[in-house]
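Structural overview
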Amino acid sequence: MSAQEEKKKKKPIGPLIVMGAASLALYVALLMNQDIVNNNFAQGGLYAFLPILTAFIFSFVHGNFTGHFWSAMGVEASKKKKEVK
Amino acid sequence: MHDVAAQVSNFINLDVANITYLFLVGFVGGLVSGFIGSGGAFVLTPGMMSLGVPGLVAVASNMCHKFPKALVGALKRAKYGQVDVKLGIVLGISAEAGVLYGAHIQENIKKTFGDAGSNLYVSVAFVVILAVVGIFVLMDAWKTYKSGTTNEEEKVTKLARWVQSIHIPGTMVYFKSLNARISVLFTIPLGFATGMLAATIAVGGFIGVPSMIYVLGAPSLMASATELVIAFVMGLGGSFKYALHGMVDIRLAMIILGGSLFGIQLGAIGTTYVKPFMIKVVMGIIMVIVLFSRALMVPVYLSQLGVIEQLADGTVKMLKSTSFAIMIFALALGAFIVLRAMWQGRREEKLAQQESLAQSKA
């Protein structure tokens, strides 16, 4: 198997689609329910946990999606310098 | 909580143009943050305000996008072995205290001297700190470049060697990025200063990263990666504080995050292709350009305070837009250098691979 074929096989298309769809769903839900979000998330007090929790959820889903996105585009870290000395 | 209701009604309406703008600025800011550990925030807050977002909501929403972004960036760079989690947490906790104290000072200045006084304080802090640290970082990068030692391991400064040589019983902690034990009595003021700067100009990394490199003796790549841990700790605490008062517009924060997570992944990947001194180059250039941007605003605030003659409305407008344009230019130039350095690194690696393949065939 050539190096190029091996590279193609490694592209995370499955996880990219799953995480991409999940990320899109999160953003659609957020933007379609702006009134509900604005009214509840900005009440302060214990409601402060809502924006923090949302930020963690988005960072997990969208963070994974963007990671897979660049891998699928063939943009990967250098193989030479994995460790800093 | 009276202000909360008012803030809620101040949450702006979002249209496609606003969303695209925030997403793109988020991307560029994320790209630079992924590379140098911070940056972007100084454009994002005024950027949001230019859309009509109230100042405090802009600061709060910016912070709420910062901590998840820093988390993703730190995890990515930890994969490359660049993060010193312990140093990040130790500095992050004292930075949190610095943020609270910095915010307290800001509030007092605002109460005593009003908005113009507060803005003047922020701008002077920007100019003085960026002038001293930015020029120092840039000169160091230039020296490394001129001496032709860009490929060699970075040298620990004399100051850092001295810090590492001081033994204060009961306060010594081993940090892997320094490969040495140092007293937390040195890390606490550095973290505190990072936090104070973050509360003042929104970019604590302009103190955090250089202090880890020059005062503690961390390599540039590790310092910039560890700054992401500090940003996460500071951002999480700060966001919660603002969220308690209902200041966070989560829609703005998540849209910026949408762009910045694309950017931060790319910036983090970029660090694996470049020579360590490039971190200093990008950081120094951004700092020096931003310094000019803020310096332009000093006369505006001085005139508002009545220290100098009143400036004409047209002059104020021109200075404001030029200052904002220079800030955007600083960020864009930083992003351009990161992408260029990454592209060159990738090309060199591909060429080396092709050469070794050709040699093995021959």
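Residues numbered from 1 in each chain as written. Chains lettered and ligands numbered in written order. Predicted model: local features only at pLDDT ≥ 70, side-chain atom pairs only at ≥ 80, totals over all residues.

Here we look at the overall build of chain A
Per the secondary structure count, chain A includes four helices and zero strands. Counting across all 85 residues of chain A, residues that qualify as buried make up 28%. (Helix = DSSP H or I, 4+ residues; strand = E, 2+ residues; numbered from the N terminus. Buried ≥ 20, exposed ≤ 12 C-beta atoms within 10 Å, placed from the backbone.)

Quick notes on unusual backbone geometry
Within the chain, N179 of chain B stands out as a residue other than glycine whose phi angle is a positive 50 degrees. Looking at the secondary structure, you find N179 of chain B in the loop between β1 (172-175) and β2 (180-183).

Some thoughts on the packing of helix α5 (residues 85-147) of chain B against helix α9 (residues 220-244) of chain B
Residue and element names in this part refer to chain B. The geometry of α5 relative to α9 is characterised by a closest axis approach of 8 Å and an angle of 40 degrees between their N-to-C directions. It follows from the interaxial angle that α5 and α9 lie oblique. At the point where α5 passes α9, the crossing takes the right-handed sense. Counted together, V85, L87, G88, I89, L91, G92, I93, A95, E96 and V99 of α5 and T226, V229, I230, V233, M234, G237 and G238 of α9 form the full contact between these two elements. Class assignment for the residues of the contact of α5 with α9 results in 11 nonpolar, five polar and one charged. (Axes fitted to C-alpha atoms, helices over the stretch in contact; angles between N-to-C directions. Parallel < 35°, antiparallel > 145°, perpendicular 65-115°, else oblique. Left-handed = near helix turned anticlockwise from the far one by under 90°. Contact = placed C-beta atoms within 7 Å. Nonpolar A, V, L, I, M, F, W, Y, C, P; charged D, E, K, R; others polar.)

Some points on the interface of chain A and chain B
In this complex, chain A contributes 35 residues to the contact, which on the side of chain B involves 39 residues. Those elements that place two or more of their residues in the side of chain A that touches chain B are α2 (13-32), α3 (34-41) and α4 (49-72) of chain A. Its residues assigned to classes, the side of chain A that touches chain B comprises 16 nonpolar, 13 polar and six charged.

Side note on the nonpolar core
All names here are of chain B. Judged by nonpolar contacts, the single largest core of 116 residues is most densely connected at F232, V248, A253, V282, M287 and V290. Looking at this core element by element, the count peaks at 14 residues for α9. The contact partners of M287, leaving out residues within four places of it in the chain, are L130, V133, G134, V137 and F206. (Core = buried A, V, L, I, M, F, W, Y, C linked by C-beta atoms within 7 Å.)

Brief notes about the environment of K158 of chain B
All names here are of chain B. Relative to the assigned elements, K158 resides in helix α6 (residues 158-165). The class of K158 is exposed, set by 9 C-beta atoms lying within 10 Å. As a C-alpha pair, K158 and Y242 span 84 residues in sequence and 41 Å in three-dimensional space.

Focus on the confidence of the model for chain A
Put simply, chain A has an average pLDDT of 86, and 84% of its residues get 70 or more. Across chain A, α4 of chain A holds the top mean pLDDT of 96, while helix α1 (residues 3-10) of chain A sits lowest at 54. (pLDDT = per-residue confidence, 0-100.)

A look at helix α4 (residues 55-79) of chain B
In this model α4 of chain B runs 36 Å from its N-terminal to its C-terminal C-alpha over 25 residues, within 8% of the 36 Å that 1.5 Å per residue would give. Taken from the residues just after α4 of chain B, G81 of chain B is the one with a positive phi, measuring 75 degrees. (Expected span 1.5 Å × (residues − 1).)

Re the pairing of β1 of chain B
Residues and elements named next belong to chain B. Where β1 and β2 come together, four bridges link them in antiparallel fashion. The residue of β2 that forms the bridge with V173 is I182. Counting the residues in the hairpin turn of β1 and β2 gives four residues, including N179, whose phi is positive at 50 degrees. (Pairing = 2+ DSSP bridges.)

Description of the environment of L100 of chain B
Residues and elements named next belong to chain B. With respect to the helices, strands and loops of the structure, L100 is situated in helix α5. A count of 15 C-beta atoms within 10 Å places L100 in the partly exposed class. It is 8.3 Å that separates the C-alpha atoms of L100 and G238, two residues lying 138 residues apart in sequence.

Some details on the packing of α5 of chain B against helix α7 (residues 184-201) of chain B
Residues and elements named next belong to chain B. Running from amino to carboxyl end, α5 crosses α7 at an angle of 40 degrees, the nearest separation of the two axes being 4 Å. Every pair of crossing elements has a handedness; the one defined by α5 and α7 is right-handed. Split by residue class, the contact of α5 with α7 holds 22 nonpolar, 10 polar and one charged.

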